[in-house]
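Here is how the chains run, residue by residue.
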Amino acid sequence: MSSTGDIGLFLGQLLKKPHQVVALAPSSRALSAEMAATLDPEGGPVIELGAGTGRITQAIIDRGIAAERIHSIEMNPVFCERLRADFPGLNVYQMSAGDVGELPVDGAQAVVSGLPLLSMPFDLQNAILTGTFRQVGRSGTYIQFTYGPKPPVKAEIRAAMGLTWTTSRKIWGNLPPARVYRFACPGA
Ligand SMILES: C[S@@+](CC[C@H](N)C(=O)[O-])C[C@H]1O[C@@H](n2cnc3c(N)ncnc32)[C@H](O)[C@@H]1O
């Protein structure tokens, strides 16, 4: 699908499920490219959370990782159907990101998240971060964008897991402007 052809679908689902979609528009090409920028095309598979209409999925593929090596979790069945149609070979799971730790994937290098993490309750965030580092271990990363000025993972979870992180420059070419955080868990 073209980078503008998915906007109608996205906005339709935003109106129906505002508490799940929680964004004014799909991620821009610039933000999606930044989300994928540190992935290693020769590295392990990639797990994606909250794939939506597939903007970040496309950026991961453009980074050199084949659709067959990407495992995309998305809870909205309409988005899942579109992902399966647009990305042949992509592994699409209609489930909650809170169960990411249960996904049957070996040696994932990163979890790339388009989830509205900031607005999620503590227990769900905790399940997502714990499950992520069960998948990627100490050498892997959790990649998450956020629109706000603070890290998108709650302070209690960061402290309890001993998370470290880096941040990207601000991506102005996104609505609204966003920043990408890359979390690691040295104690995983
Ligand atoms: C802000 S949209 C991002 C969509 C796309 N990744 C992008 O960047 O354009 C958030 C997506 O996360 C999905 N989502 C929200 N909560 C979820 C959960 N608990 N498990 C799986 N997907 C979820 C929504 O259905 C929506 O597709």
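Heads up: these notes are all about the structure in this document. What you are looking at is a predicted structure, and each value in this text was computed from that prediction instead of being measured. (Residues numbered from 1 in each chain as written. Predicted model: local features only at pLDDT ≥ 70, side-chain atom pairs only at ≥ 80, totals over all residues. Heavy atoms only, no water.)

### Observations regarding the sheet that holds strand S7 (residues 179-184)
What links the strands of a sheet is backbone hydrogen bonding, and the strands pair in either a parallel or an antiparallel sense.
And then number 1: Taken in spatial order, the seven strands make up an open sheet running S3-S2-S1-S4-S5-S7-S6, and their pairing is mixed. Each edge of the sheet is formed by a strand with only one pairing partner; in this case those strands are strand S3 (91-93) and strand S6 (164-167). Strand-to-strand twist in this sheet, taken as the mean axis angle between neighbours without regard to direction, amounts to 20°.
And then number 2: Where strand S5 (residues 141-146) lies against S7, five bridges are found, and the strand directions are antiparallel. Bridge pairing in S7 links threonine 146 to arginine 179.
And then number 3: Sheet contacts for helix H3 (residues 29-36): strand S4 (110-113), S5 and S7; angle to S7, the most-contacted strand, approximately 15°.
And then number 4: Against the sheet, helix H6 (residues 122-136) makes contact with strand S1 (46-49), S4, S5 and S7, and its axis sits at roughly 140° relative to S5, the strand it touches most. (Pairing = 2+ DSSP bridges. Helix = DSSP H or I, 4+ residues; strand = E, 2+ residues; numbered from the N terminus. Axes fitted to C-alpha atoms, helices over the stretch in contact; angles between N-to-C directions. Contact = heavy atoms within 4.5 Å.)

### A short note on helix H5 (residues 77-86)
And then number 1: All of the buried residues along H5 are Phe79, Cys80 and Leu83. Buried residues in H5, looked at end-on, bunch into an arc of 105°, giving them a common side. Exposed residues pointing more than 90 degrees away from the buried face of H5 are listed as Glu81 and Ala85.
And then number 2: Here the buried face of H5 lies against helix H1 (7-16), helix H2 (18-21), helix H4 (55-62) and S3.
And then number 3: Capping of H5 at its N-terminal end is provided by asparagine 76; its side-chain oxygen lies 2.8 Å from the backbone amide nitrogen of valine 78. (Buried < 20%, exposed > 50% of the residue type's maximum accessible area, 1.4 Å probe, protein only. Arc of directions from axis to C-beta. Polar contact = N/O pair within 3.5 Å; in protein donor to acceptor, adjacent residues only side chain to side chain.)

### Thoughts on the site of the ligand
And then number 1: Lining the immediate surroundings of the ligand are 21 residues, of which Val21, Ser27, Gly50, Glu74 and Ala97 lie closest.
And then number 2: At a separation of 2.6 Å, an oxygen atom of the ligand approaches a polar side-chain atom of glutamate 74.
And then number 3: For the ligand, a nitrogen atom lies 3.4 Å from a polar atom in the backbone of methionine 75.
And then number 4: Out of a free accessible area of 600 Å², the ligand has 97% covered by protein chains.
And then number 5: Among the detected pockets, the ligand sits in the largest pocket.
And then number 6: Taken together, the residues of the shell around the ligand break down into 13 nonpolar, seven polar and one charged. (Near = heavy atom within 4 Å. Areas by Shrake-Rupley, 256 points an atom, 1.4 Å probe, with all protein chains shown as cover. 1 Å grid on protein atoms, 1.4 Å probe; cavity = no way out; pocket = protein on both sides within 12 Å on 5 of 7 lines; lining within 4 Å. Sits in = over half its atoms within 2 Å of the grid points. Nonpolar A, V, L, I, M, F, W, Y, C, P; charged D, E, K, R; others polar.)

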